[in-house]
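An overview of the molecular structure
The chain contents come next:
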Amino acid sequence: MFHISVIIVNWNTQDILINCLDLLYKNTNTPFELFIIDNNSAIKQTRTQAPSLLQCRHESGAKKIAEAYPEVKKSFTNNTEEINTILGYIVTKYENVQIVKNGKNMGFAYAVNQGILESTGEYVLTLNPDVIINEGYIDILLEKIKADKRIGAISGKLLSMENKKMLDSTGQTMYKNRFARDRGHHEIDTNQYQEGCVFGTCAAATLYRREMLLDVKLNNEFFDNDFFAYLEDVDLAWRAQTRGWKFYFVPNAIAYHQRAVSSRSLLKKIKRKFWGWRNRYLMIIKNDSLLSIIVNIPFLILCPIKSIKMLRKRRFIQKRRLVEHCEIVKWFVPYFLHVDRKCAHRG
């Protein structure tokens, strides 16, 4: 059995998937098994200009495969054949890879859950295809999480792929108005965030302890399937906090995140905004105080079916609570701190 299981969800990101895998295998010393969950990537991608870091170091997945297998180059004119060829190439090139193909886009949360259920590792790394890890990223996280049995999840410093001096995430912050964001996002990196506990971690490159995932599992779901995508990692962190688990940030483990590669069209951006808005309320219903639920009654009326499902899940979560609500909200900071940081950054 492998200590680490790596789970990558692919949805129309096959152009950059090979680059992600090359650096994953090159920069990781600890043996791992890899699960790629493909959410029906049969749509022809709109080619966008790659950022400088990616452009300088790597070639597109399709180009690499075309060079390795010239006889299949023509197959890239067919959407389904293209993704099948790329996935087939991955299985032959890399070690300990398993592919799971879904008949439709099941969403990020559902796909990650599939990978967790199929995998066997004591630790589970969720990795986005648009993330490139530096040397030792996983090894550093593994050493730290092993040292403290109450750490349920751990992540390193994520920098922007477009600007290597700009932060993408150093953990997640929850504000008192129940808006969550990636700590340090779009700030210039001056090593202002030190190693230590955070409210949550970004699932783009987080190492989870399987024991924690099993402890917070609800209806055979680790990430909430009803969220589909966005904020499912914050919801998981909130749920884990009620059980007394710690989330940890390590600044000397470095990775680069391109962000939202599969959601760049106008329609997809609108969907992303909607899911973020909706999931914030679903998260509040499940995890927050009764007072917060009363304040957000209008949402319950607007989305009755999802709200009823969340209230059922809430009963399960609250019944198993080990940490009082007053202890959880100590993590929540005033939203004006976020505004002050944005103003300071622009200044």
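Above this text sits the structure in question.
Residues numbered from 1 in each chain as written. Predicted model: local features only at pLDDT ≥ 70, side-chain atom pairs only at ≥ 80, totals over all residues. Heavy atoms only, no water.

Take the pattern of salt bridges next. On inspection of all chains with the given rule, the structure shows 16 salt bridges. The partner of arginine 243 in a salt bridge is aspartate 215, with the nearest N and O atoms 2.9 Å apart. With arginine 243 in the loop between α8 (232-242) and β12 (246-257) and aspartate 215 in helix α7 (residues 210-216), this pair connects stretches of sequence that are 28 residues apart. In terms of burial, arginine 243 and aspartate 215 fall into one category: buried. A salt bridge links aspartate 215 to arginine 320; the nearest nitrogen and oxygen atoms lie 3.3 Å apart. Within this pair, whereas aspartate 215 is found in helix α7, its partner arginine 320 is found in the loop between α12 (304-319) and α13 (325-328), the two being separated by 105 residues in sequence. We classify aspartate 215 as buried; its relative accessible area is 17%. For arginine 320, a relative accessible area of 26% translates into the label partly exposed. (Salt bridge = Lys/Arg side-chain N within 4 Å of Asp/Glu carboxyl O. Helix = DSSP H or I, 4+ residues; strand = E, 2+ residues; numbered from the N terminus. Buried < 20%, exposed > 50% of the residue type's maximum accessible area, 1.4 Å probe, protein only.)

Once that is clear, we can look at empty space enclosed by the protein. This structure, assessed with the given rule, holds one cavity of 30 Å³ or more. What lines the largest cavity is simply Val216, Lys217, Leu218, Arg239, Thr242, Arg243, Phe316, Ile317 and Arg320. Elements represented by at least two residues in the lining of the largest cavity include exactly α8 and α12. Per-class residue counts for the lining of the largest cavity are four nonpolar, one polar and four charged. (1 Å grid on protein atoms, 1.4 Å probe; cavity = no way out; pocket = protein on both sides within 12 Å on 5 of 7 lines; lining within 4 Å. Points joined across faces, edges and corners; volume = space filled by probe spheres on them. Nonpolar A, V, L, I, M, F, W, Y, C, P; charged D, E, K, R; others polar.)

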